[in-house]
Amino acid sequence: MNIAMIGSGYVGLVSGACLADFGHRVTCVDVDEQKVAALQSARIPIYEPGLDRLVADNVAADRLFFTTELAPAVAEADVVFIAVGTPSRRGDGHADLSFVHAAARSIAGALRGFTVVVTKSTVPLGTGDDVERIMGEANPEADFAVASNPEFLREGAAIDDFKRPDRIVIGTQDERARTVMAEVYRPLYLNQAPILFTSRRTAEMIKYAANAFLATKITFINEVADLCEQAGADVQEVARGIGLDKRIGPKFLNAGPGYGGSCFPKDTLAFVKTAQDLGTPLRLVETTVAVNDQRKRAMARKVVAACGGAVRGKRIAIFGLTFKPNTDDMREAPSIAIIQALLDQGAHITAYDPEGMDAARAYFAQIDYAQNAYDAAADADCVVIVTEWNEFRSLDFERLKAIMATPVLVDLRNIYRPKDVERLGFAYASLGRPNGID
Ligand SMILES: NC(=O)c1ccc[n+]([C@@H]2O[C@H](COP(=O)([O-])OP(=O)(O)OC[C@H]3O[C@@H](n4cnc5c(N)ncnc54)[C@H](O)[C@@H]3O)[C@@H](O)[C@H]2O)c1
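Residues numbered from 1 in each chain as written. Predicted model: local features only at pLDDT ≥ 70, side-chain atom pairs only at ≥ 80, totals over all residues. Heavy atoms only, no water.

Novice: Outline the sheet that holds strand S13 (residues 408-411), listing residues and values.
Specialist: Pairing is parallel across the open sheet formed by 6 strands, whose spatial order is S11-S10-S9-S12-S13-S14. A single partner strand is all that each edge strand has here, and the edge strands are strand S11 (368-369) and strand S14 (427-429). Strand contacts of helix H13 (residues 283-306): strand S9 (315-319), strand S12 (382-385) and S13, with the helix running at about 160° to S13, the strand carrying the most contacts. (Pairing = 2+ DSSP bridges. Helix = DSSP H or I, 4+ residues; strand = E, 2+ residues; numbered from the N terminus. Contact = heavy atoms within 4.5 Å. Axes fitted to C-alpha atoms, helices over the stretch in contact; angles between N-to-C directions.)

Novice: Give a description of unusual backbone geometry that names residues and reports values.
Specialist: Its identity is not glycine, yet Ala42 carries a phi of approximately 65°, on the positive side. Mapped onto the fold, Ala42 is located in the loop between helix H2 (33-40) and helix H3 (51-60). Among the residues examined, Ala42 registers a relative accessible area of 67% and is labelled exposed. (Buried < 20%, exposed > 50% of the residue type's maximum accessible area, 1.4 Å probe, protein only.)

Novice: Break down the state of the cysteines for me, with residues and values.
Specialist: Structurally, a disulfide amounts to a covalent bond that connects the sulfur atoms of two cysteines. Applying the stated criterion across every chain yields a total of 0 disulfides. For Cys263, which is in no disulfide, the shortest distance to another cysteine sulfur is to Cys18 and amounts to 16 Å. In this structure Cys263 comes out as partly exposed when scored by relative accessible area, which is 29%. (Disulfide = S-S within 2.5 Å.)

Novice: Lay out the side chain of Asp234 with the relevant residues and their values.
Specialist: Following the sequence through the fold, Asp234 ends up in the loop between helix H10 (200-231) and helix H11 (235-243). Buried and without a salt bridge, Asp234 has Arg433 as its closest oppositely charged side chain, separated by 5.0 Å. One polar contact links the side chain of Asp234 to the main-chain amide nitrogen of Gln236, over a distance of 2.8 Å. (Lys, Arg positive; Asp, Glu negative; His and termini not counted. Salt bridge = Lys/Arg side-chain N within 4 Å of Asp/Glu carboxyl O. Polar contact = N/O pair within 3.5 Å; in protein donor to acceptor, adjacent residues only side chain to side chain.)

Novice: Quick rundown of the site of the ligand? Include the residues and the values.
Specialist: Close contacts around the ligand come from 24 residues, with Asp30, Lys35, Thr86, Glu155 and Lys266 the closest. Note that an oxygen atom of the ligand is positioned 3.0 Å from one of the backbone N or O atoms of Tyr10. Here an oxygen atom of the ligand sits 2.9 Å away from a polar atom, N or O, in the side chain of Arg331. Mapped onto the domain boundaries, the shell around the ligand takes at least three residues apiece from domain 1 (2-198) and domain 2 (234-429). (Near = heavy atom within 4 Å. Domains from an automatic or database assignment.)

Novice: Go over the pattern of salt bridges with me, naming the residues and quoting the values.
Specialist: Tallied over the full model, the rule gives 24 salt bridges. With a closest N to O distance of 3.8 Å, Asp130 and Arg133 form a salt bridge. With Asp130 and Arg133 both in helix H6 (residues 127-138), this residue pair falls 3 residues apart, about one helical turn. Residue classification places Asp130 among the partly exposed positions, given a relative accessible area of 25%. The salt bridge involving Asp245 is made with Arg247; its shortest N-O contact spans 2.8 Å. Among the charged side chains, a network of salt bridges with common partners joins Asp129, Glu132, Arg200 and Arg201.

Novice: Give a description of the domain arrangement of the protein chain that names residues and reports values.
Specialist: Quite often, the size of an interface is put as the accessible area lost when its parts meet. The domain boundaries assigned to the protein chain delineate domain 1 (2-198) and domain 2 (234-429). Of note, the centres of domain 1 and domain 2, computed from C-alpha atoms alone, are 33 Å apart. Each side of the interface is counted separately: domain 1 has 19 residues, and domain 2 has 19 residues. Both sides together, the interface formed by domain 1 and domain 2 hides about 1400 Å², and carbon and sulfur atoms give 51% of it. Among the residues domain 1 hides against domain 2, the three largest losses belong to Tyr47, His94 and Glu155. Together they make up 42% of the total. Counting every contact that joins domain 1 to domain 2 gives 1 salt bridge. For Arg331, the salt bridge is made with Glu155, and the minimal N-O distance between the two is 3.9 Å. At the junction of domain 1 and domain 2, the tally comes to 8 residue pairs in polar contact (both at pLDDT 80 or more). When the residues that make up the side of domain 1 that touches domain 2 are grouped by side-chain class, the tally is 9 nonpolar, 6 polar and 4 charged. (Buried area = accessible area lost by both parts, 1.4 Å probe. Nonpolar A, V, L, I, M, F, W, Y, C, P; charged D, E, K, R; others polar.)

In structure tokens, the structure reads:
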């Protein structure tokens, strides 16, 4: 099958490479000339484990191509995926669909023969209808069907998620489109990944409902962590105690500094806005959004408290900048709000992240960046673990203590056990766990 992937970012590039690996012929298109030039010369513009190898293998097999030229890629395609960004619209929080609409217009003019056009970007209810209308107006002669196929991959585990998904959701009521989409995902069907065929609007709704549910689950355990802190209970044991209930499940129950990333913040907000527009507000999700926003500032207050009530003139080392490990993605990372609040209160920041420092420089030019955790911690009054990269899980505490000005550790991911760290002579603060526990 011939596939054109419009947008070659975190989702488009991974999806394109995986679809090529299934045996399809895939052309990834992007308007970003630098990105395409990098890909054409075998440089992967993002950090995603395993992606460099997957891309190289499929380029070598003549199944994966990169271009800025949309028209020829679309003309020869049986299926065109739209995987462009849908960021929050400035000012009102609705999804900004300008990239999707622009892509739809360009695709319409380039279609040759029956083509299935698929929104893989996360788009609000009714966007498939808009895409269909825009394309029909732009090229009344074109023979196409618009389907929705939301993507559920997680950065950091994106290839595995794409190749071994919990489910594939396809929204279309067009029989020809259904047949084509079944063929696209046939290799996964053989792996017994469930394919859910549904209406386009339902597919659009499934993606937002899934993200809002997960964001709410995270926010729930974060609030329970705060309560545990006051009540002298241990949130990790509470999470285990409730997560063993199969109706609840153990995932997304790790207390942390609030959800961030390129999806949950904008998707929860867009979901809330859509619901308000339709006169059926989602009050639970509205509260999730508000609680999560407040949490990031509360994390900065936690650091200030650990530093004795003020950080003016203090040196704070930040371990981890990206919104989660195994990605270089800084979008809406909790580190941004935490660092900003600490800077506002007069702290000096030195940060270290294994993959995110280039992207972080666009947010903070004025902080120092170190080449490793220990360089960041030199002379620091406090170390703050913000992102749980593996290399922060086995820190050499003797070494840290020797190089820090004062041995204070704020662990916003509950990587360590309070008693272990305190025994080594550190003042230790974590989330939802009383000090002195094992
Ligand atoms: N990142 C994730 O983990 C993830 C997971 C699931 C779903 N999504 C959704 O997938 C979509 C894409 O997200 P992303 O993280 O890959 O974004 P991204 O910003 O990394 O990539 C989008 C790409 O589209 C390109 N682009 C924009 N307009 C274009 C056009 N007209 N023609 C060709 N290329 C164009 C941009 O240059 C950019 O490279 C979003 O809707 C997002 O919500 C993302």
